[in-house]
Amino acid sequence: MSSIIKVNTVQDQDGNNIINENANVITVGDAGDTVAVAGNVVKTNAVQAADAGNLISQSGTTITLGASGDTVEIATGASLVGGGISWQSSIVTAATLTAEAGKGYWIDTTSNTCTITFPGSASAGDQIILTDYARNWATNKITINQNGLKFQGFTSPNPTYVINGQSVDLVYSGATKGWIPNSDDDVQNKTPQAYTIEYLVVAGGGGAATSKAGGGGAGGMVTNFGGSALTIQGGTTYTCTVGGGGLGSGGPNPNPGGDGGVSSISGSDITDVTTVGGGGGGQDNGTPNKFGRDGGSGGGGGFPAPTGGSGTAGQGNDGGDGYPDGTAGGGGGGGKGAAGGNAGSNNGGNGGVGLSNSITGSAVFYAGGGGGTTETGGPQGTGGNGGGGNAILSGTAGSGTANTGGGGGAANGGQSGGGGTGIVVLRMDDANYSATTTGSPVVTANVGGTGKTVIKFIATGSYTA
């Protein structure tokens, strides 16, 4: 049989309430009392404020702190463990730092660079913030030691930050991509990868001389298209220098033709790819200037019977020789595909043929030699296929075609042609193209449906991989 005691209030011997019930509200203790719970355990699904708003509530395994519209404040001097960022009060000035998840660091690189080692293990959502305390990262960079974990999907190279005043908010996303910058100004790729490219480099063509003179030699030409690709490193800038054409000469007793300019690809992590400008054509009777000048391809020799200039091995060929007869003329400039033609008893030498290359998606001839001239009514030398200029008896001879490196054609009387400017072409997978260039090159994506991007530098510029 059960027993029931019904009462609204239980008091101690001094008349103070221990338990009081009023309109379904049960009060434990009285004003000023301390209520001790045996075992320090209170079981409840909600703790509420005086206005009945939840301070702490639980539903299933979800525990909610505060209610909608509330502001949850952490007391001054208190630390929140397991959530948010705990900013460190000490300014980091050392050359190394071992960072911990959930912390923010002020990094002062006024005196030195700083290498920051990240945790060797991390969980999704872990966060670390690094801030340039003294705006000196451009002078002394910070480097993040990934400690075996990925950063934007890669384990190397270690990212560096080099912008003054930068603040980097990094969140760990998981094993696949690892740490990912979460700040608007830091979402660029900081772990650029190496990849391969193909190239074509043609130097400027040589200019021609005047009066029974030799044609200009073609600019030196090198390429790895269809061969061994060149490896470049993401984030590195490569300068692409395009050589100018050599000047053609004119007037009585003129100078020899001018040499073409060097073209090249240069970068901090590669052996520079350099081509030699085409040699200028030799002039009439101008000892020693009657000899064709050496170059990528040699210039043609002038009257009487001097030899053509020498070409550079792997880049071009020799210029043709002049003819000894007083009514004859000069040799043709050398081309990438063949040496310049020798002058005959009644004709100027033809320019050497250039070489076809399809790196741009279409077959194009480059680096043809310029034609030599004769003072007779016989045939004047024709320019080699690849931008070489044609010779002329009088008037203005043909110049080398721009961006082919072709040599200039010679004029017996009048103005001889200048050499054509050079060109630098880069070719890479579409996915690798960074879109960071200077010098306004011509860029074509997915050339011929190959998935390749082609960058044509027709003037000096740069590409950042």
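Above this text you will find the structure in question.
Notes on the structure follow. Source: prediction; values computed, not measured.

The rules behind the values
- Residues numbered from 1 in each chain as written.
- Predicted model: local features only at pLDDT ≥ 70, side-chain atom pairs only at ≥ 80, totals over all residues.
- Heavy atoms only, no water.
- Helix = DSSP H or I, 4+ residues; strand = E, 2+ residues; numbered from the N terminus.
- Buried < 20%, exposed > 50% of the residue type's maximum accessible area, 1.4 Å probe, protein only.
- Contact = heavy atoms within 4.5 Å.
- Areas by Shrake-Rupley, 256 points an atom, 1.4 Å probe, with all protein chains shown as cover.
- Pairing = 2+ DSSP bridges.
- Polar contact = N/O pair within 3.5 Å; in protein donor to acceptor, adjacent residues only side chain to side chain.
- Salt bridge = Lys/Arg side-chain N within 4 Å of Asp/Glu carboxyl O.
- Patch = residues over 30% accessible without salt bridge, like charges linked within 9 Å, V, L, I, M, F, W, Y side chains within 5 Å.
- Lys, Arg positive; Asp, Glu negative; His and termini not counted.
- Charge placed at Lys NZ, Arg CZ, Asp CG, Glu CD.
- Phe/Tyr/Trp six-rings, centres within 6.5 Å; stacked < 30°, edge-to-face > 60°.
- Lys NZ or Arg CZ within 6 Å of the ring centre and 35° of its normal.
- Axes fitted to C-alpha atoms, helices over the stretch in contact; angles between N-to-C directions.

### Things to note about the overall build of the protein
In terms of regular secondary structure, the protein is built from zero helices and 30 strands. For the protein, the proportion of its 465 residues judged to be buried stands at 43%. For the protein, long-range pairs separated by at least 24 residues make up 51% of all intrachain contacts whose partners lie at least 6 apart in sequence. Summed over all atoms, the accessible surface of the protein reaches about 21900 Å², with 49% contributed by carbon and sulfur.

### What to know about the pairing of strand β9 (residues 103-107)
Side-chain direction in a regular strand flips from residue to residue, so the side chains alternate between the two faces of the sheet. Here strand β7 (residues 86-92) runs beside β9; their pairing, made up of four bridges, is parallel. Following the sheet pairing, V92 is matched in β9 by I107. Pairing analysis gives five bridges linking β9 to strand β11 (residues 127-132), with the strands arranged parallel. Counted as the bridge partner of G104 is I129 from β11.

### Notes on the sheet that holds strand β10 (residues 114-117)
Adjacent strands of a sheet form backbone hydrogen bonds with each other and so pair up, either parallel or antiparallel. Strands sit in the order β8-β10-β12-β13 across an open sheet of four strands; the sheet is mixed. Of all the strands in the sheet, just β8 (96-98) and β13 (160-161) have a single pairing partner and so form its edges. Across four bridges, β10 lies against strand β12 (residues 142-145) in parallel orientation. From the neighbouring strand, I116 faces β12, where its bridge partner is I144.

### Here's the deal with the pairing of strand β14 (residues 167-172)
Sheet topology note: the β11/β14 ladder contains five bridges and is antiparallel. By the bridge assignment, I129 is partnered in β14 with D169. In the sheet, β14 pairs with strand β15 (residues 179-181) via three bridges, with the strands oriented antiparallel. Its bridge partner lying in β15, V171 is registered against I180. Where β14 folds back onto β15 in an antiparallel hairpin, the turn is made up of six residues, including G174, whose phi is positive at roughly 130°.

### Re the side chain of S462
Tracing the backbone shows S462 in strand β30 (residues 461-464). Residue class for S462 comes out buried when judged on its relative accessible area of 11%. Here T438 takes part through its side chain, which lies 2.7 Å from a polar atom of the side chain of S462. Sequence-distant contacts of S462, that is, excluding residues within four places in its chain, are made with T237, Y238, T239, C240, T436, T437, T438 and F457.

### Some points on the pattern of salt bridges
The full count for this structure, using the stated rule, is six salt bridges. Note that K103 is salt-bridged to E100, the shortest N-O span being 2.7 Å. A residue is classified by how much of its surface remains accessible, and K103, at 21% relative accessible area, is partly exposed. Its relative accessible area of 41% is what places E100 among the partly exposed residues. Put simply, K212 and D284 hold a salt bridge, and the shortest N to O gap is 3.9 Å. Here the residue K212 occupies a position in the loop between β16 (194-202) and β17 (221-223), and D284 occupies one in the loop between β21 (273-275) and β22 (355-357), the gap between them amounting to 72 residues. According to the relative accessible area criterion, D284 is buried, its value standing at 16%. Connected through salt bridges with shared partners, the residues K212, D284 and E375 form a single ionic network.

### Some remarks on the environment of N140
Note that N140 resides in the loop between β11 and β12. Judged by relative accessible area, N140 falls into the buried class, the value being 16%. Filtering out sequence-adjacent residues up to four positions away, N140 remains in contact with T109, T110, S111, N112 and T113. Looking at N140, its side chain comes within polar contact range of the main-chain oxygen of T109, at 2.8 Å.

### As for a negative patch on the surface
A cluster of acidic residues, D12, D14, D30 and D33, forms a negative patch at the surface. Its place among the elements puts D30 in the loop between β3 (25-28) and β4 (46-48). For D30, a relative accessible area of 37% puts it in the partly exposed group.

### Overview of the packing of aromatic side chains
Under the criterion given, the structure shown has four aromatic pairs. Measuring from centroid to centroid gives 6.0 Å for Y433 and Y463, while their planes differ by 5°, and the two rings are stacked. Highlighted residues: Y433 in the loop between β26 (423-429) and β27 (437-438) and Y463 in strand β30, separated in sequence by 30 residues. You can call Y463 buried: its relative accessible area is 0%. Grouping aromatic residues by their ring pairs yields a cluster made of F118, Y172 and W179. Sitting over the ring of F303, K212 keeps its end group 4.1 Å from the ring centre.

### Considering the sheet that holds β7
Read from one edge to the other, the open sheet built from five strands follows the order β7-β9-β11-β14-β15, with strand pairing classed as mixed. Of all the strands in the sheet, just β7 and β15 have a single pairing partner and so form its edges. The average angle at which neighbouring strand axes cross in this sheet is 20°, direction not considered.

### Quick look at unusual backbone geometry
The step from S156 to P157 runs through a cis peptide bond, and the omega angle for that step is -5°. Locating P157 in the fold gives a position in the loop between β12 and β13. With an omega of -5°, the peptide bond between F303 and P304 qualifies as cis. Looking at the secondary structure, you find P304 in the loop between β21 and β22. Despite not being glycine, A435 has its phi angle at roughly 70°, a positive value. Relative to the helices and strands, A435 resides in the loop between β26 and β27. The phi dihedral of N446 falls on the positive side, at around 50°, and the residue is not glycine. Tracing the backbone through its elements, the reader meets N446 in the loop between β28 (442-444) and β29 (452-457). Residue N446 is classed as partly exposed on the basis of its relative accessible area, which comes to 39%.

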